[in-house]
Amino acid sequence: ERRNEMVATAEDRALIETLKQWQLVEDKIVDVTDKALDKSRSPLVRVMMEMIQHDSRLHRHMQQIIIDSIEKTAINVPEEEVEALWALLDQHRELERRSIELAETSLDAIGGEKRHEPDHYLISYLLDDEKKHEKILASLAMLKTRMFGS
């Protein structure tokens, strides 16, 4: 479905403007993390700045997809593609669950030892990120059901 033939509503224009402002914020986040990376030698600080930078670039890309879906072409999710990918997504969900188990086991192994505080921080971050991935995959399953049934 081509949307650019339709007249954009005031709400659409407001959303696009908000998304473009948000993209500018994401660009600034990338710049700030670049400066932090230039100043730090700490592996912990560097990896976290790199992660934030990567996420901000991805966020900007996702925002552009939304803008394009309003201004140009609606997002198309063909049912046959979803069906073809579903076994892989199920496999991915199982792998995410295994990653969560391994992260939890790693945290248990560290315990509360002060010398492992940076390790605990990183593993906790990874655990949260794996849980986020699991949630994303679960929400894709819900989207599939809402769009196509079963």
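Scroll up to find the structure.
Residues numbered from 1 in each chain as written. Predicted model: local features only at pLDDT ≥ 70, side-chain atom pairs only at ≥ 80, totals over all residues. Heavy atoms only, no water.

Here we look at the overall build of the protein
What counts, and what does not: The numbering of helices and of strands both runs from the N terminus, where a helix is a DSSP run of H or I of at least 4 residues and a strand a run of E of at least 2. With C-alpha atoms as the basis for the radius of gyration, the globule rule is written as 2.2 Å multiplied by the number of residues raised to the power 0.38. Only protein chains enter the accessibility calculation, which uses a 1.4 Å probe; a residue whose area is less than 20% of its type maximum is buried, one above 50% is exposed, and one in between is partly exposed. Note on contacts: a residue pair qualifies if any of its non-hydrogen atoms lie within 4.5 Å across the two residues. For every accessible area listed, the method is Shrake-Rupley and the probe measures 1.4 Å; residues are considered covered only by the protein chains on display. Note on charges: Lys and Arg go in the positive column, Asp and Glu in the negative column, and His and the chain ends are not counted at all. Where a charge sits is defined by one atom per residue type, namely NZ (Lys), CZ (Arg), CG (Asp) or CD (Glu).
The number of helices and strands found in the protein is four helices and zero strands. The helix and strand sequence of the protein, counted from the amino end, reads α-α-α-α. On C-alpha atoms alone, the protein measures out to a radius of gyration of 20 Å, which is more than a quarter above the 15 Å that the 2.2 N^0.38 rule sets for 150 residues. Once the C-alpha set of the protein is aligned to its principal axes, its extents read approximately 60 × 40 × 20 Å. Expressed as a percentage of its 150 residues, the buried residues of the protein come to 23%. Counted over contacts in the protein with a minimum sequence separation of 6, partners at least 24 positions apart contribute 72%. Working note: accessible area of the protein is about 10,900 Å², and carbon and sulfur atoms make up 58% of it. Looking at the protein, you have 22 positive and 31 negative side-chain charges, and the mean spots of the two groups are 5 Å apart.

Looking at the nonpolar core
Using the following cut-off: What we call a nonpolar core is a set of buried Ala, Val, Leu, Ile, Met, Phe, Trp, Tyr and Cys residues that are connected through their side-chain atoms within 4.5 Å.
Core analysis: the largest hydrophobic core is formed by six residues, namely Ile-100, Ala-103, Leu-107, Ile-110, Ile-123 and Leu-127. At the level of secondary structure, the elements contributing two or more residues to this core comprise helix 3 (79–110) and helix 4 (117–148). Ranked by residue count, the leading element in this core is helix 3, at four residues.

Observations regarding the layout of surface pockets
Selection rule: Using a grid of 1 Å spacing that covers the protein atoms alone, one calls a set of points a cavity when a 1.4 Å probe fits there but cannot get out, and a pocket when the set is open and has protein on both sides within 12 Å along at least five of seven lines; lining residues are those with an atom within 4 Å of a point. Grid points are joined across faces, edges and corners, and a volume is the space filled by probe spheres set on the points.
By volume, the largest pocket amounts to about 790 Å³. Breaking the lining of the largest pocket down by element, the ones donating at least two residues are helix 2 (43–71), helix 3 and helix 4. With eight residues, the top contributor of residues to the lining of the largest pocket is helix 4.

A closer look at the side chain of Arg-93
The condition that has to hold: Salt bridges are defined by distance alone: a side-chain nitrogen of Lys or Arg within 4 Å of a carboxyl oxygen of Asp or Glu.
With respect to the helices, strands and loops of the structure, Arg-93 is situated in helix 3. An unpaired buried charge is present at Arg-93: no salt bridge exists, and Asp-90, the closest side chain of opposite charge, is 4.6 Å distant. When near neighbours in sequence (up to four residues on either side) are disregarded, Arg-93 contacts Leu-137, Ala-138 and Ala-141.

Regarding the packing of aromatic side chains
Aromatic ring pairs are defined here through the distance separating the ring centres and the angle between the ring planes. Heads up, the rule is: In this analysis, rings of Phe, Tyr and Trp, with Trp reduced to its six-membered ring, are considered paired at centre separations within 6.5 Å, and the interplanar angle assigns stacked below 30 degrees, edge-to-face beyond 60, and tilted for intermediate values. Two conditions define a charge located above a ring, namely a distance within 6 Å from the ring centre to NZ of Lys or CZ of Arg, and an angle within 35 degrees of the ring normal.
Evaluation of the coordinates by the stated rule reveals zero aromatic pairs. Directly above the ring of Trp-86 sits Lys-144, whose terminal nitrogen or CZ lies 4.6 Å from the centroid.

Details of helix 1 (residues 10–39)
Since the α-helix turns once every 3.6 residues, residues separated by three or four places project in the same direction. Stated formally: Take the number of residues in a helix, subtract one, and multiply by 1.5 Å to get its expected span.
For helix 1, built from 30 residues, the straight-helix expectation of 44 Å at 1.5 Å per residue is met to within 8% by its first-to-last C-alpha distance of 44 Å. Inspection of helix 1 places Ile-16, Leu-19, Gln-23, Glu-26, Val-30, Thr-33 and Leu-37 among the buried residues, and these make up the whole buried set. Of the surrounding elements, those touching the buried residues of helix 1 are helix 2.

A closer look at a nonpolar patch on the surface
Using the following cut-off: Here the term patch refers to residues with relative accessible area over 30% and no salt bridge, with like charges joined within 9 Å and nonpolar side chains (Val, Leu, Ile, Met, Phe, Trp, Tyr) within 5 Å.
Residues Ile-65, Ile-75, Val-77, Ile-136, Leu-140, Leu-143 and Met-147 make up a contiguous nonpolar surface patch of roughly 540 Å² in combined accessible area. Looking at which element gives the most residues to the nonpolar patch, the answer is helix 4, with four residues. Along the chain, the position of Met-147 falls in helix 4.

Some thoughts on the environment of Ile-75
Relative to the assigned elements, Ile-75 resides in the loop between helix 2 and helix 3. Every residue in contact with Ile-75, bar those within four places of it in the chain, is listed here: Ile-65 and Ser-69.

Observations concerning the pattern of salt bridges
For the structure on display, the rule yields nine salt bridges. Measuring nitrogen to oxygen at the nearest pair gives 3.9 Å for the salt bridge that ties Glu-71 to Lys-20. Taken together, the residues Glu-71 in helix 2 and Lys-20 in helix 1 connect sequence positions 51 residues apart. Take Lys-20: its relative accessible area is 37%, and that puts it in the partly exposed class. The shortest N-O distance in the salt bridge between Glu-113 and Arg-115 comes to 2.8 Å. Through salt bridges that share partners, Glu-94, Arg-97 and Glu-134 make up one connected network.

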